[in-house]
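Here is how the chains run, residue by residue.
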Amino acid sequence: MQFCPRCGGLMIPVKREDGKVVLRCTRCGYIMTVESSQLRDYTIVGATPKEERTITTLKVSEAKRKPPKSLEEWEQERDEYKEVLQELLQEELEGEE
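Residues numbered from 1 in each chain as written. Predicted model: local features only at pLDDT ≥ 70, side-chain atom pairs only at ≥ 80, totals over all residues. Heavy atoms only, no water.

Once that is clear, we can look at the pairing of strand S2 (residues 21-25). Summarising the sheet, strand S1 (residues 11-15) and S2 pair through five bridges and their orientation is antiparallel. Its bridge partner being in S2, proline 13 is matched across the sheet by leucine 23. Here S1 folds back onto S2, and the loop between the two strands holds five residues, one of which, glycine 19, carries a positive phi near 90 degrees. As paired strands, S2 and strand S3 (residues 31-33) are joined by three bridges and run antiparallel to one another. (Pairing = 2+ DSSP bridges. Helix = DSSP H or I, 4+ residues; strand = E, 2+ residues; numbered from the N terminus.)

As summarised here, the arrangement of the three strands in space is S1-S2-S3, forming an open sheet in which the pairing is antiparallel. With partners counted over all chains shown, the strands left at the sheet margins are S1 and S3, one partner each. Within this sheet the neighbouring strands show an average axis-to-axis angle of 35 degrees, counted without direction. (Axes fitted to C-alpha atoms, helices over the stretch in contact; angles between N-to-C directions.)

We now examine the state of the cysteines. What we call a disulfide is simply a covalent bond connecting the sulfur atoms of a pair of cysteines. For the structure on display, the rule yields zero disulfides. Here cysteine 25 is not disulfide-linked; the sulfur of cysteine 7 is the nearest cysteine sulfur, at 3.5 Å. In this structure cysteine 28 is a free cysteine whose sulfur lies 3.7 Å from that of cysteine 4, the closest cysteine sulfur available. (Disulfide = S-S within 2.5 Å.)

Judged by nonpolar contacts, Cys4, Met11, Leu23, Cys25, Met32, Val34 and Leu39 together constitute the single largest core of seven residues. Non-local contacts of valine 34, meaning those with residues more than four positions away in its chain, are made with Val21, Leu23 and Leu39. (Core = buried A, V, L, I, M, F, W, Y, C linked by side-chain atoms within 4.5 Å. Buried < 20%, exposed > 50% of the residue type's maximum accessible area, 1.4 Å probe, protein only. Contact = heavy atoms within 4.5 Å.)

Here it is, written out as structure tokens:
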């Protein structure tokens, strides 16, 4: 496995139109030529049996997400922060006197 010298992204093998296989960065698109001996490291030797595969669903991920805040909730949170800030400023001003 190789990483991009520019950004550190993962380099994956890609077949070009001329039939030559090169490594391309998944982040920035940097292309690096490689020898065929290095490409052997990227070949899949065997398939994973169905029993050993892990299936993920979007529903599992959705269960962990919080629903987006409503406009009222944003305004309430902003007002609470304003009150705390005013109290801190008042305490600071009283401490200077």
